[in-house]
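Each chain is listed here by its residues.
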Amino acid sequence: MANKIAENLYSQVDDEGREILRFADIIDHRKDSTALTKENGFIKVQGGGSKCIKTTKGWEMLVEWKDGTSSWLPLRDVKEASPVELAEYAVAMDLDKEPAFAWWVEYVLKKRQRIIQKAKSKYWRTTHKYGIKIPKTPEEALHIDKETGTDFWEKAMIKEMAKAKVSYELVDGCTPEEVRSNKVPALRGYQEISCHIIFDVKMDFTRKARFVANGSTTDTPSTLTYSSVLSRDSVRIALLVAALNDLDIFACDIGNAYLNAPCKERIWFVAGHECGHEMKGRVMKLIRALYGLKSSGASWRKMFKDFIVTHLKFIPSRVDGDMYYRKSSKPDGTLYYELLLVYVDDVLAISHDPKEIMETIGKRFEIKNVEYGPPTTYLGGGLERFQIPGTNERPWSLLSTQYVKAAVANVEALLKEEGREFKTATGEKAQKRNPIPSGYKPELDTTEECDPEHHSRFQQLIGILRWAVELGRIDIHVEVAIMSQYSANPRVGHLEAVYCIFHYLKRNTVKRLVMDPATPVIDRSGFNGTADWAEFYGDVVEEDPPGMPEPLGKPVEIFVFCDSDHASNVVTRRSHSGVFLFAQNALIRSFSKKQNTVEASTYGAELVAMRIARDMIVELRLKLKSIGVPMVGPANVFCDNQGVVKNTS
């Protein structure tokens, strides 16, 4: 009996023990003597007008739940849980002029309409791609095929559903209405969602369909959704290690990755046309991590990590859990560590024989198009070998050319819609040399504030530029960092400055970041290598990560350049820090950000920048140690303030 009670209780709660109760409708209302009337619910303000008192006191709403029961709830609670539904009910029942409703109903409905219109315009704006009409529903896709005398979209849907059908199973013997009324014991505690197909056209004009879940409607425990991703500096470190130890790199993309993992959520949906004519309208239960669910990324990551550790025998780094290493040896007996980098379903293998790793992965998972080999792109950026002039070295380099060209083209299209184009009046040489006009101070800009449309555009363009920096465009890092500070309330002049950055990118499209394994030649006479710090710090040793592997392979040496622009913001007097972090001659990280404090002197600002550099050095050394990369001595730090140098050396 106890087990039966526990089973019944569990079927009515989620994975965090919270009771699942969902609104079906608001069916009645009532008020008591404490509710404000129209006569005493408003106060007089200067100018002869009146202002509504913000209160919901004295009102209750009768709410019907999905299981058929109903409850009287305070207006405050219903407003917080379902403001739009309550606002619509208030208008329908002529309650929107009552003091408890008048102060918020109109705002909620206006906001809802703006959101809907914005979402619709954004979704429906793309009607064609590469000259091909993109459908929004399966029915429209089949209609387009019929009109054009082709079966491209139908084949795309059949191909997708052949793979996606493993993600769900039929729950026989019940109707959707019975499940919604909580009359199906097997699905008690399950959440209903909708599923649909989204359509796209690839660059080779191939039609693509993807079956996705509307995961935004689910109430998913936070413990099920977190999924880490590979950091950008880990990719650069791996490329440098490959060049140092003369290793090959292979890449692959795992097809329909999420569908390999189990579904962690309790979900059901009503089958649509895409599930087949005989299944349409029937109840389906999700059993695999379908694309669109909040928990799918975490579910896939756990499954793939288990495979990497159990079958491939790789060990995750203690510092970056999506970077794995495995002890190996070359044909000549040289010991080193193979590396495996995973970003969701994109995999990089660094080894003297990466093909063997890819073949093992291919036996368990479907590799997209059965293609693996030296990478040409990774995480949105280009990858290719670069011949260093005067040497035989051909290390890997990072390119952002394709991304930058596409970004510039998008901005030009936006400007063209407004009858504008990039300015050239300031001179082509000046524009090619500086991302933003020299002498421009955004903190002194007094132009008008951007309207909502251009405010959103400013934020989008900043996001595009920040990703370009991540892909290696460090030549705009400072300017992007400065302009990012105005994302909350940009002015027209700020947007124009961002356009200037894109203009600069247009004229300086091709830049590459080379993971050069050479050791820089520096003058070491300025370093105080004989200093004895024991008097200050005692007998201390450098921190090592737990379970640090034995260092193998060729060593690296760290070089750091740090600086600050004291009181660069003439309004707030806050300084700006900049740091370049190199391993060998390869830039691993760059940092550009305004300081949190106001420093009275150049020395103070430079010391703050040095402290940031110190933290970055510690992080890099820990990461290198965590994958067994040996290091030569301490980091070499370069700073142009003698006061800071003398006090930290």
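In this text the structure is predicted, and so the values were computed from the model without any measurement.

Asker: Any chance you could explain the overall build of the protein chain here in plain terms?
Answerer: Helix and strand content of the protein chain: 19 helices and 26 strands. Taking the principal axes of its C-alpha atoms as reference, the protein chain extends roughly 85 × 70 × 65 Å. Taking as baseline every contact in the protein chain between residues at least 6 positions apart, the subset at least 24 positions apart corresponds to 70%. If you sum the accessible surface of the protein chain, you get close to 34,900 Å²; carbon and sulfur atoms cover 52% of it.

Asker: Any chance you could explain the pattern of salt bridges here in plain terms?
Answerer: Opposite charge on two side chains lets them pair, provided their charged atoms get close. Evaluated as defined, the whole model comprises 30 salt bridges. With a shortest N-O distance of 2.7 Å, aspartate 615 and arginine 614 are connected by a salt bridge. On the basis of relative accessibility, which here comes to 45%, the residue arginine 614 falls in the partly exposed class. Residues joined in a network through salt bridges with shared partners are Glu542, Asp544, Arg621 and Lys625.

Asker: Which parts of the structure should I look at to understand the sheet that holds strand β12 (residues 248-253)?
Answerer: Consider a sheet: its strands pair through backbone hydrogen bonds, and that pairing is either parallel or antiparallel. Pairing is antiparallel in the open sheet, where 5 strands are placed in the order β12-β18-β17-β16-β15. In this open sheet, the two edge strands, each paired with only one partner strand, are β12 and β15 (315-316). Where β15 and strand β16 (residues 323-329) come together, 2 bridges link them in antiparallel fashion. Within β16, the position partnered with proline 316 by the bridge is tyrosine 324. Strands β12, β16, β17 (335-343) and β18 (346-351) of the sheet are contacted by helix α9 (residues 232-244), whose axis makes an angle of about 150° with β17.

Asker: I keep staring at the packing of aromatic side chains and nothing clicks. Help me out?
Answerer: For any pair of aromatic rings, the description consists of the separation of the ring centres together with the inter-plane angle of the planes. For the structure on display, the rule yields 17 aromatic pairs. Ring geometry for tryptophan 59 against phenylalanine 101: centres 5.2 Å apart, planes inclined by 85°, an arrangement best described as edge-to-face. Residue tryptophan 59 is located in strand β4 (residues 59-65), and its partner phenylalanine 101 is located in helix α4 (residues 99-102); the two are separated by 42 residues in the primary sequence. Judged on exposure class, the residue tryptophan 59 and its partner phenylalanine 101 are both buried.

Asker: In this structure, what is going on with the packing of helix α6 (residues 138-148) against helix α7 (residues 152-164)? I would like to understand it.
Answerer: A pair of packed helices is characterised by two quantities: the angle between their axes and the separation of those axes. Across the interface, α6 lies against α7 with an axial gap of 7 Å and an inter-helix angle of 140°. When the axes of α6 and α7 are compared, the pair comes out oblique. In contact with Pro138, Ala141, Leu142, Ile144 and Asp145 of α6, α7 contributes Phe152, Trp153, Glu154 and Met157. Considering only residue class, the contact of α6 with α7 consists of 7 nonpolar, no polar and 2 charged.

Asker: What is the right way to read helix α3 (residues 83-92) from this model?
Answerer: Count 3.6 residues to each turn of an α-helix, and residues three or four apart come out pointing the same way. Among the residues of α3, Leu86, Ala87, Tyr89 and Ala90 are the ones counted as buried. For α3, the buried positions fall inside an angular range of 160° around the axis, keeping them on one side. Looking one or two places after α3, you find aspartate 94, whose phi comes out positive at around 60°.

Asker: I'm lost on the nonpolar core in this one. Help?
Answerer: Counting residues in each nonpolar core, the largest one holds 52 residues, and the members touching the most others are Ile237, Leu239, Met323, Leu339, Leu341, Ile350 and Tyr378. When neighbours within four sequence positions are excluded, isoleucine 350 is seen to be in contact with Ala238, Ala242, Leu247, Asp248, Ile249, Glu338, Leu339 and Leu341. One finds Met157, Ala164, Ile197 and Met284 within the second-largest nonpolar core, a separate group that totals 28 residues.

Asker: Is there a simple way to explain unusual backbone geometry in this structure?
Answerer: Among all residues save glycine, negative phi is the norm, and among peptide bonds the norm is trans. Positive phi, normally seen in glycine, also occurs at aspartate 246, with a value near 55°. The residue aspartate 246 is located in the loop between α9 and β12 in this model. Exposure remark for aspartate 246: the relative accessible area of 66% places this residue in the exposed category. The backbone of glutamine 584 shows a phi angle near 60°, a positive value even though the residue is not glycine. Structurally, glutamine 584 can be placed in the loop between β24 (576-583) and β25 (586-594).

Asker: Help me understand the packing of helix α15 (residues 477-484) against helix α16 (residues 492-507) in this model?
Answerer: Between α15 and α16, the shortest axis-to-axis distance is 11 Å and the interhelical angle comes to 160°. Classified by the angle their axes make, α15 and α16 are roughly antiparallel. Crossing angle aside, the handedness with which α15 passes α16 is left-handed. From α15, Glu479, Val480 and Met483 reach across to α16, where they touch His494, Ala497, Val498 and Ile501. Split into classes, the residues belonging to the contact of α15 with α16 amount to 5 nonpolar, 1 polar and 1 charged.

Asker: Would you take a moment to explain helix α12 (residues 401-417) for this structure?
Answerer: For α12, which comprises 17 residues, the first-to-last C-alpha distance of 25 Å matches the rise-based estimate of 24 Å (1.5 Å per residue) to within 8%. All of the buried residues along α12 are Thr401, Val404, Ala407, Val408, Val411 and Leu415. Taken end-on, α12 shows its buried residues confined to a sector of 130°, consistent with a single buried face. Residues of α12 that are exposed and angled more than 90 degrees away from the buried face: Gln402, Lys405, Lys416 and Glu417. Buried residues belonging to α12 abut β21 (396-399), α14 (452-470) and α16. One or two residues past the end of α12 sits glycine 419, with phi positive at roughly 70°.

Each value, and the rule that gives it
- Residues numbered from 1 in each chain as written.
- Predicted model: local features only at pLDDT ≥ 70, side-chain atom pairs only at ≥ 80, totals over all residues.
- Heavy atoms only, no water.
- Helix = DSSP H or I, 4+ residues; strand = E, 2+ residues; numbered from the N terminus.
- Contact = heavy atoms within 4.5 Å.
- Areas by Shrake-Rupley, 256 points an atom, 1.4 Å probe, with all protein chains shown as cover.
- Salt bridge = Lys/Arg side-chain N within 4 Å of Asp/Glu carboxyl O.
- Buried < 20%, exposed > 50% of the residue type's maximum accessible area, 1.4 Å probe, protein only.
- Pairing = 2+ DSSP bridges.
- Axes fitted to C-alpha atoms, helices over the stretch in contact; angles between N-to-C directions.
- Phe/Tyr/Trp six-rings, centres within 6.5 Å; stacked < 30°, edge-to-face > 60°.
- Parallel < 35°, antiparallel > 145°, perpendicular 65-115°, else oblique.
- Nonpolar A, V, L, I, M, F, W, Y, C, P; charged D, E, K, R; others polar.
- Arc of directions from axis to C-beta.
- Core = buried A, V, L, I, M, F, W, Y, C linked by side-chain atoms within 4.5 Å.
- Left-handed = near helix turned anticlockwise from the far one by under 90°.
- Expected span 1.5 Å × (residues − 1).

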